[in-house]
Amino acid sequence: QLEVLQSLVERRFGWQAAFDEGGILYKETINARVEGVGHYEPLRHYAEVHLVLEPGAPGSGVEIATGCREDELAGSWQRLVLTHLAEKEHLGVLTGSPLTDVTITLLTGRAHVKHTEGGDFRQATYRAVRQGLMEAESILLEPWYNFRLEVPAEQVGRALSDLQRMHGRVEPPETAGDTAVLTGSAPVSTFRDYAAEVAAYTKGLGRLSLSLQ
């Protein structure tokens, strides 16, 4: 199939296409509430931001809120902080992977009547996020597949051995005639090339279906 795709791309667009194994997209989150403080005060500039970072629900991404009173920080500055929180993809401190499943709440902030400009709050906001992540206990999130593997019944032992080697979690096999069906989950990093291996050792009789968790 890859050779067919290469031929189609070359014929239609005149491009020489190549395929590799690709990379694994990890993400990071935190496991407990933490406060981050960002302070920005070079000459004739001033901004201070206090944020609360909390673990969010799995799959929630990065959610942003404010719990700051307007007598502590004017609404216009609060909206600017929220804009700066939303305008970029924040990176974790373990591997530099994107941050996810975190709620970031503006707790309070300070501005100076004469010296504060919009860009000052950008710097203070980014520093508050970073400082909070440095204080937090971060967790690296690894992508996993849910799988369904059908192999000839006499090769179920080989399949179970492979799944154990790849750190998979598998339910007890089910048998349908001459076919054994295995379901479970496994890390993408160890499992992504397994379809070709299944085709080889089952001589084309095996079938592997994958979906991301």
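The rules behind each value
- Residues numbered from 1 in each chain as written.
- Predicted model: local features only at pLDDT ≥ 70, side-chain atom pairs only at ≥ 80, totals over all residues.
- Heavy atoms only, no water.
- Phe/Tyr/Trp six-rings, centres within 6.5 Å; stacked < 30°, edge-to-face > 60°.
- Lys NZ or Arg CZ within 6 Å of the ring centre and 35° of its normal.
- Patch = residues over 30% accessible without salt bridge, like charges linked within 9 Å, V, L, I, M, F, W, Y side chains within 5 Å.
- Areas by Shrake-Rupley, 256 points an atom, 1.4 Å probe, with all protein chains shown as cover.
- Salt bridge = Lys/Arg side-chain N within 4 Å of Asp/Glu carboxyl O.
- Helix = DSSP H or I, 4+ residues; strand = E, 2+ residues; numbered from the N terminus.
- Buried < 20%, exposed > 50% of the residue type's maximum accessible area, 1.4 Å probe, protein only.
- Contact = heavy atoms within 4.5 Å.
- Axes fitted to C-alpha atoms, helices over the stretch in contact; angles between N-to-C directions.
- Parallel < 35°, antiparallel > 145°, perpendicular 65-115°, else oblique.
- Left-handed = near helix turned anticlockwise from the far one by under 90°.
- Nonpolar A, V, L, I, M, F, W, Y, C, P; charged D, E, K, R; others polar.
- Core = buried A, V, L, I, M, F, W, Y, C linked by side-chain atoms within 4.5 Å.
- Pairing = 2+ DSSP bridges.

Novice: Any chance you could explain the packing of aromatic side chains here in plain terms?
Specialist: Centre-to-centre distance and the angle between the planes together describe a pair of aromatic rings. Using the criterion set out here, one finds 5 aromatic pairs in the structure. Pairing Tyr194 with Tyr201 gives two aromatic rings, centres 6.4 Å apart and planes at 45°, and the pair type is tilted. Feature note: the residues Phe147, Phe191, Tyr194 and Tyr201 constitute an aromatic cluster, connected by ring pairs. Lying over the aromatic face of Tyr126, Lys88 brings its terminal NZ or CZ to 4.5 Å of the ring centre.

Novice: Honestly, a nonpolar patch on the surface in this entry has me stumped. Any pointers?
Specialist: On the surface, a cluster of nonpolar side chains totalling about 280 Å² of accessible area is made up of Leu2, Leu5 and Phe19. Mapped onto the elements, Phe19 comes out in the loop between α1 (2–13) and β1 (27–30). Overall, Phe19 belongs to the partly exposed group, its relative accessible area being 43%.

Novice: I would appreciate a short explanation of the side chain of Thr103 in the present structure.
Specialist: Summarising the element assignment, Thr103 is placed in strand β5 (residues 102–111). Given the relative accessible area of 17%, Thr103 is considered buried. In this structure, Thr103 is in contact with Val52, Leu53, Glu54, Gly56 and Glu63, ignoring residues within four places of it in sequence.

Novice: What should I look at first to understand the pattern of salt bridges in this one?
Specialist: Proximity of charged atoms lets side chains of opposite charge pair with each other. By the definition in use, this model includes 9 salt bridges. Of the charged contacts in the structure, one is a salt bridge between Arg122 and Glu87, with a shortest N-O distance of 3.2 Å. Here the residue Arg122 occupies a position in helix α3 (residues 118–135), and Glu87 occupies one in the loop between α2 (75–86) and β5, the gap between them amounting to 35 residues. For Arg122, a relative accessible area of 32% puts it in the partly exposed group. A salt bridge links Asp162 to Arg165, with the shortest nitrogen-to-oxygen separation between them at 3.3 Å. Here the residue Asp162 and the residue Arg165 both occupy positions in helix α4 (residues 156–165), the gap between them amounting to 3 residues, near one helical turn. Classification of Asp162 by relative accessible area gives buried; the value is 5%. Counted as one network, the salt bridges with shared partners bring together Arg158, Asp162, Arg165 and Glu197.

Novice: I'm lost on the packing of α4 against helix α6 (residues 194–201) in this one. Help?
Specialist: The description of two helices packed together rests on the angle between their axes and the distance between the axes. Between α4 and α6, the shortest axis-to-axis distance is 12 Å and the interhelical angle comes to 160°. By the angle between their directions, the pair α4 and α6 is classed as roughly antiparallel. Here α4 runs over α6; the crossing is right-handed. Mapping the contact onto sequence places Arg158, Ala159, Asp162 and Arg165 in α4 and Tyr194, Glu197 and Tyr201 in α6. Class assignment for the residues of the contact of α4 with α6 results in 3 nonpolar, no polar and 4 charged.

Novice: Any chance you could explain the nonpolar core here in plain terms?
Specialist: Soluble globular proteins tend to bury their nonpolar side chains together. Among the nonpolar cores identified, the biggest contains 21 residues, and Ile30, Val49, Leu51, Leu53 and Leu106 are the most heavily contacted of them. Residue assignment for this core shows that the elements contributing at least two residues are β2 (34–40), β3 (47–55), α2, β5 and α3. No other element matches α3, which puts 5 residues into this core. Every residue in contact with Ile30, bar those within four places of it in the chain, is listed here: Leu53, Glu54, Pro55, Val102, Leu133, Ala136, Glu137, Ser138 and Ile139. With 17 residues, the next largest nonpolar core counts Phe147, Leu163, Ala180 and Ala186 among its residues.

Novice: I keep staring at the sheet that holds β3 and nothing clicks. Help me out?
Specialist: The strands making up a sheet associate through backbone hydrogen bonding, with each pair oriented either parallel or antiparallel. Pairing is mixed across the open sheet formed by 4 strands, whose spatial order is β2-β3-β5-β4. In the strand order of this sheet, the two ends are held by β2 and β4 (62–66), each with one partner. When the angles between neighbouring strand axes are averaged without regard to direction, this sheet yields 25°. Pairing of β3 with β5 involves 9 bridges; the strand directions are antiparallel. Counterpart to His50 in the pairing with β5 is Thr108. Contacts between α2 and the sheet are confined to β3, β4 and β5, with β4 contributing the most and set at about 175° to the helix. Along the sheet, α3 makes contact with β2, β3 and β5, crossing β2 at roughly 145°.

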